[in-house]
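Analysis of the macromolecular model
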Amino acid sequence: MFKTYRKVLLSIFVFSFCIYITAQENLLINTYNRSSISLNGDWNYIVDPYENGFYNYRYEPFENQTKPGNGAFFINAKPKDKTDLVEYDFDLSDVIQVPSDWNTQKENLFYYEGTVWYKKSFDYVKMNQDNRVFVYFEAVNYQADVYFNGEKLGTHIGGFTPFNFEVTELLKESDNFLIVKVDNKRKKEAVPTLNTDWWNYGGITRDVKLVEVSNNYIQDYFIQLNPKNNQQIRGFVQLNGTDISEKEILVSIPELKINTKVLTNEQGIASIEIKSKKINYWSTQNPHLYTVILTSESDEIKDQIGFRTIKTSGQEILLNDEKIFLKGISIHEESPIKGGRGSTIEDAQQLLNWAKELGCNYVRLAHYPHNEHMVRLADKMGILVWEENPVYWTIAWDNIETYKNAENQLTEVINRDKNRASVIIWSMANETPTSEPRNIFLTNLAAHTRKLDPTRLISAALEQSNFEGNATIRTIHDSFADVVDVLSFNQYVGWYDGLPEKCGQITWKITQNKPVLISEFGAGAKVGLHGDKLTRWTEEYQEDVYIQTLKMIEGIEQLQGFSPWILVDFRSPRRVLPKIQDGWNRKGLISEDGQKKKAFFILKNYYDGKNASN
Ligand code: GCB
């Protein structure tokens, strides 16, 4: 009787912990530590603004036809004899690098928004005949239609999260061809929508891998500290395959002398609850990562996982039950090395090294999920992370498909990063105008996130407004502020809102009893441009905005940190002022070629001072 009761309880626990995560079909996590080969490098490509390789002349998709014919690009047609008509040839077409954007690789694609077809041919011999093989994309911006050896594998929507398709049945030992139709057209109902302040880089922007796993493999796991009991490691592990129930999985953490066996249920899910009194907690001072090994009958996977708790108490943020002030900076995912979309470990390392040099213990990864290198490195370097869903400005709040898309992108990043100690905040959105449909949209996203991941905090970059009509008193008047764990907002007093001296006239009246983060403040400056501090675009103006803002926000009682806008100048088509912007948002503390502006040192001094006073 007691046994049955425990089984029911266990299934309720496992069910509530992972129902949504497992809803995603076959998404592999931790491809970092799996057996894989890279499909990066040269791909042939065809630019197709009219989507001529996708639709026939009656505008019907070739893929809906039983015999698509030679016009369909995904069949990679070659003339069968000298009479045969084929009007494209991938192998004679130019090559492009993966991962990367097309905009900065090909001059004629700089402003291009539309379809480009990518093709990669390869041979592959499996390590074991019974194994299964998946093609894994870390990200493609924005829509990917994926075909393998002439068959459609599926479609993925959303430019910043991973996805994979199984190719076991279609895979041959030689002459495989993988074709991806990549389309980065902006759309009103998409996430993000038409209007943003960053470059809409198109392409296969992150790594592509072929991952080989055993027939019954460890697909997913969630292994974190119980937020309510820091002597308990808990979560689940999920098998995928045809024979996955009642299977033993060994959870080992050698350094903690943990070797615990767990048993899967009918869905192949085993719940994990392990006690340990000796945990060396992960923190910014001590980013300790344990090697965790999961071993099933036919699979083994390792990960490097840190254990810590993150919570709020009244107006404070507590890391391992100790108050922490978040010394942050916002970052866009642009490569400081070659320009364009950042994608390599070296890009991530340079950005995070700069953040460290600035004195940061925290970064806001704006405005969409960044690549996995960022969070993996942040884990190692002891940097806390805010991750963000690209729900930005004027989303189509009433459109159910838009909601599903936003929820799916959020699910995919949570799924990818749920074992990373560095990630402490999931941000739902940025600067979204309040309205009833928007409130419902964001509240649903927050509820979904809490179900998926009860171990982290929820926030969103909100907007500030005048307190009861008084322009010198600022407040947060937004019902979504009641939903979040951490109250964050952007403000630009001294740049969009008056001159720097205005900071001295403003006071803040924040009525919510929550920790406050300022998710953005800043000003534009062209590196090397000097003048007096009232001249726009000079380093002196930007420096003064930092000096005045830092004084002003000291007056916010609940302030627990901030992430000024932004570490490095970044490309934005909104920024057209000749000789100053030339297509760049100039609010970086560092220019795109790595030169530090004066304001960098103001913030660094401030953060270094905080270190000393801590
Ligand atoms: C903001 C946005 C950010 C912009 C920034 C700016 O409030 O959140 O995406 O880039 O202002 O520079 O205006």
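Quick look at the structure, then. (Residues numbered from 1 in each chain as written. Predicted model: local features only at pLDDT ≥ 70, side-chain atom pairs only at ≥ 80, totals over all residues. Heavy atoms only, no water.)

1. Considerations on the packing of aromatic side chains
Throughout the structure, instances matching the rule amount to 37 aromatic pairs. Taking the centre distance of 4.9 Å and the plane angle of 80 degrees together, the rings of phenylalanine 110 and tyrosine 111 count as edge-to-face. We classify tyrosine 111 as exposed; its relative accessible area is 65%. Ring geometry for tryptophan 198 and tyrosine 392: centres 4.9 Å apart, planes at 80 degrees, overall edge-to-face. Remark: tyrosine 392 occurs in the loop between β23 (384–388) and α4 (400–417) and tryptophan 198 occurs in the loop between β9 (176–183) and β10 (208–213); sequence separation between them is 194 residues. A relative accessible area of 5% means that tryptophan 198 is categorised as buried. A relative accessible area of 4% means that tyrosine 392 is categorised as buried. Over the aromatic face of tryptophan 495 sits the side chain of arginine 536, whose NZ or CZ is 4.6 Å from the ring centroid. In this arrangement the basic side chain of lysine 596 is found over the ring face of phenylalanine 600, its NZ or CZ atom lying 5.4 Å from the centre. (Phe/Tyr/Trp six-rings, centres within 6.5 Å; stacked < 30°, edge-to-face > 60°. Buried < 20%, exposed > 50% of the residue type's maximum accessible area, 1.4 Å probe, protein only. Helix = DSSP H or I, 4+ residues; strand = E, 2+ residues; numbered from the N terminus. Lys NZ or Arg CZ within 6 Å of the ring centre and 35° of its normal.)

2. Quick word on the side chain of aspartate 197
In this fold, aspartate 197 is placed in the loop between β9 and β10. On the basis of relative accessibility, which here comes to 6%, the residue aspartate 197 falls in the buried class. A polar side-chain atom of aspartate 197 sits 2.7 Å from a polar atom in the side chain of arginine 575. Within the structure, aspartate 197 has its side chain in polar contact with the side chain of asparagine 585 (distance 2.9 Å). (Polar contact = N/O pair within 3.5 Å; in protein donor to acceptor, adjacent residues only side chain to side chain.)

3. Side note on the nonpolar core
In this structure, Ile329, Val391, Met428 and Phe562 are the most contacted members of the largest nonpolar core, which totals 71 residues. Looking at this core element by element, the count peaks at six residues for helix α7 (residues 598–613). In terms of nonpolar packing, the next biggest core, distinct from the first, is built from 30 residues, Tyr112, Val116, Leu171 and Leu178 among them. (Core = buried A, V, L, I, M, F, W, Y, C linked by side-chain atoms within 4.5 Å.)

4. Some points on the site of the ligand
Around the ligand lies a shell of 14 residues, among which Asp197, Tyr392, Glu431, Tyr496 and Lys587 are the nearest. One of the side-chain nitrogen or oxygen atoms of histidine 367 is found 2.6 Å away from an oxygen atom of the ligand. Separating an oxygen atom of the ligand from a side-chain N or O atom of tyrosine 496 is a distance of 2.4 Å. Computed on the free molecule, the ligand has an accessible area of 320 Å², of which 96% lies beneath the protein chains in the complex. (Near = heavy atom within 4 Å. Areas by Shrake-Rupley, 256 points an atom, 1.4 Å probe, with all protein chains shown as cover.)

5. Quick look at the pattern of salt bridges
Applying the stated criterion to the full structure yields 41 salt bridges. Of the charged contacts, one joins lysine 597 and aspartate 569 as a salt bridge, the two residues approaching to 2.8 Å between their closest N and O atoms. Of this pair, lysine 597 sits in the loop between β33 (584–585) and α7 while aspartate 569 sits in the loop between β31 (559–562) and β32 (570–571); the two residues are 28 residues apart in sequence, bridging distant segments of the chain. Here lysine 597 and aspartate 569 have matching classes, each one buried. Put simply, Asp303, Glu372, Arg376, Asp379 and Arg420 are held in one network by salt bridges that share partners. (Salt bridge = Lys/Arg side-chain N within 4 Å of Asp/Glu carboxyl O.)

6. Brief notes about the pairing of strand β21 (residues 326–331)
Counting buried positions along β21 gives six out of six residues, so the element sits mostly inside the fold. Going residue by residue along β21, you find Leu326, Gly328 and Ser330 tucked away on one face and Lys327, Ile329 and Ile331 tucked away on the opposite face as well. Of the strand pairs in this sheet, β21 and β31 are connected by two bridges, and their pairing is parallel. Opposite lysine 327, over in β31, you have phenylalanine 562 as the bridge partner. Pairing of β21 with strand β22 (residues 362–365), which is carried by four bridges, proceeds in the parallel orientation. (Pairing = 2+ DSSP bridges.)

7. Considering the pairing of strand β24 (residues 423–430)
Of all eight residues that make up β24, eight are buried, and the element is covered over most of its length. Pairing of β23 with β24, which is carried by four bridges, proceeds in the parallel orientation. The residue bridging tryptophan 386 from the neighbouring strand is isoleucine 425, located in β24. What joins β23 to β24 is α4, and the crossover it makes is right-handed. In terms of strand pairing, β24 meets strand β25 (residues 457–463) through four bridges, oriented parallel. Residue pairing across strands places tryptophan 426 opposite isoleucine 458, the latter belonging to β25. Between the parallel elements β24 and β25, the chain passes through helix α5 (residues 436–452) in a crossover that is right-handed. (Right-handed = clockwise from strand over helix to strand, strands pointing away.)

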